[in-house]
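Architecture and fold: a report
Chain by chain, the residues:
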Amino acid sequence: MRYPIILNPDERLHRTNRPVEMITDEVIDLLEGLRETMIAHDGIGIAAPQIGKNIQVAIVEVEEGEYLELINPEIIDTKGANRDVEGCLSIPHVYGVVERASEITVRYYDREGDEMEIQAFDYLARAIQHEIDHLHGILFTEKMIEQIPEDQLENYMEEHEND
Ligand SMILES: [Zn+2]
């Protein structure tokens, strides 16, 4: 099922979300729906609160084959920092530079209910941090150092591609 995406401003994007206690069929359906919604909008990640579900579930797919389903994710270690441009399906046409940890260790549950721990780097680490922020009611615009006008996005990316 494809869900409508909640757009900022909306208080549902700013509340804290409760952890999943049991992985029910409803949670599995939500994961499927999130993926369908993300693909339909050409996103690289989406979190449950963006479709109005008040629970700690998010998915990320920065590259094909690197698909992650994160249930109750928690960042347990970080290293380094870097700056890059982000956008958000809930904040169309707004792009900006955010500083994030360049390396993270994340603990989460997968859809089987198994506890997982992974390390992620660079853009994947960034996407995961962005989605986990959603689960705590935080939008990237609250951390944005510099907004990049949409029509200058391509130029900015070219100038900074070697950063
Ligand atoms: Zn977002």
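Everything numeric in this text was worked out from a predicted model, so none of it was measured. (Residues numbered from 1 in each chain as written. Predicted model: local features only at pLDDT ≥ 70, side-chain atom pairs only at ≥ 80, totals over all residues. Heavy atoms only, no water.)

What about the overall build of the protein chain?
Helix and strand counts for the protein chain come out as 3 helices and 8 strands. Listed by position from the N terminus, the elements making up the protein chain come as α-β-β-β-β-β-β-β-α-β-α. Expected size for 163 residues packed as a compact globule is a radius of gyration near 15 Å; at 15 Å, the protein chain falls within 12% of this value. Oriented by its inertia axes, the alpha-carbon framework of the protein chain measures out at about 45 × 30 × 30 Å. A total of 163 residues make up the protein chain; the buried ones form 44% of that total. The long-range fraction of contacts in the protein chain, counting pairs at least 24 apart against all pairs at least 6 apart in sequence, stands at 67%. When the accessible surface of the protein chain is totalled, it reaches about 9,100 Å², and 44% of it is carbon and sulfur. Mean positive and mean negative side-chain charge positions of the protein chain (13 and 37 charges, respectively) differ by 6 Å. (Helix = DSSP H or I, 4+ residues; strand = E, 2+ residues; numbered from the N terminus. Rg over C-alpha atoms; globule rule 2.2 N^0.38 Å. Buried < 20%, exposed > 50% of the residue type's maximum accessible area, 1.4 Å probe, protein only. Contact = heavy atoms within 4.5 Å. Areas by Shrake-Rupley, 256 points an atom, 1.4 Å probe, with all protein chains shown as cover. Lys, Arg positive; Asp, Glu negative; His and termini not counted. Charge placed at Lys NZ, Arg CZ, Asp CG, Glu CD.)

Quick look at the coordination of the zinc ion
Coordination of the zinc ion by the protein is provided by Cys88 (SG), His130 (NE2) and His134 (NE2), with metal-donor distances spanning 2.0 to 2.2 Å. Written as a sequence motif, the donor arrangement for the zinc ion is C-x41-H-x3-H. Here Cys88, found in the loop between β4 (82-86) and β5 (96-100), pairs with His130, found in helix α2 (residues 122-135); they are 42 residues apart in sequence, far enough to count as distant. Like His130, Cys88 is buried. (Donors = N, O, S within 2.8 Å, 3.2 Å for Na, K, Ca; no water.)

Thoughts on the environment of Ile71
Mapped onto the fold, Ile71 is located in strand β3 (residues 67-79). Among the residues examined, Ile71 registers a relative accessible area of 1% and is labelled buried.

Some points on the pattern of salt bridges
In total, this model carries 11 salt bridges according to the counting rule given. Here Glu32 makes a salt bridge to Arg111, at a shortest N to O gap of 2.7 Å. In this pair, Glu32 is assigned in helix α1 (residues 25-40) and Arg111 in the loop between β6 (103-109) and β7 (115-121), connecting sequence segments 79 residues apart. Relative accessible area serves as the criterion here: at 27%, Arg111 is assigned to the partly exposed category. The network of salt bridges with shared partners includes Glu86, Arg100, Arg126, Asp133 and Lys143. (Salt bridge = Lys/Arg side-chain N within 4 Å of Asp/Glu carboxyl O.)

Thoughts on the sheet that holds β7
Pairing is antiparallel across the open sheet formed by 5 strands, whose spatial order is β1-β2-β3-β6-β7. Single-partner strands in this sheet number two, and they are β1 (45-47) and β7. Ignoring which end each strand starts from, the neighbouring axes of this sheet average 40° apart. Docked against the sheet, α1 engages β1, β2 (57-61) and β3, running at close to 40° with respect to β2. (Pairing = 2+ DSSP bridges. Axes fitted to C-alpha atoms, helices over the stretch in contact; angles between N-to-C directions.)

Observations regarding the layout of surface pockets
Approximately 440 Å³ is the volume attributed to the largest pocket. In terms of lining, the largest pocket is formed by 24 residues, of which the most central are Ile44, Glu86, Gly87, Cys88 and Leu89. Sorting the residues of the lining of the largest pocket by element identifies β4, α2 and α3 (153-159) as the ones contributing at least two each. The dominant element in the lining of the largest pocket, judged by the number of residues it contributes, is α2, at 6 residues. Of the residues that constitute the lining of the largest pocket, the class distribution is 12 nonpolar, 8 polar and 4 charged. (1 Å grid on protein atoms, 1.4 Å probe; cavity = no way out; pocket = protein on both sides within 12 Å on 5 of 7 lines; lining within 4 Å. Points joined across faces, edges and corners; volume = space filled by probe spheres on them. Nonpolar A, V, L, I, M, F, W, Y, C, P; charged D, E, K, R; others polar.)

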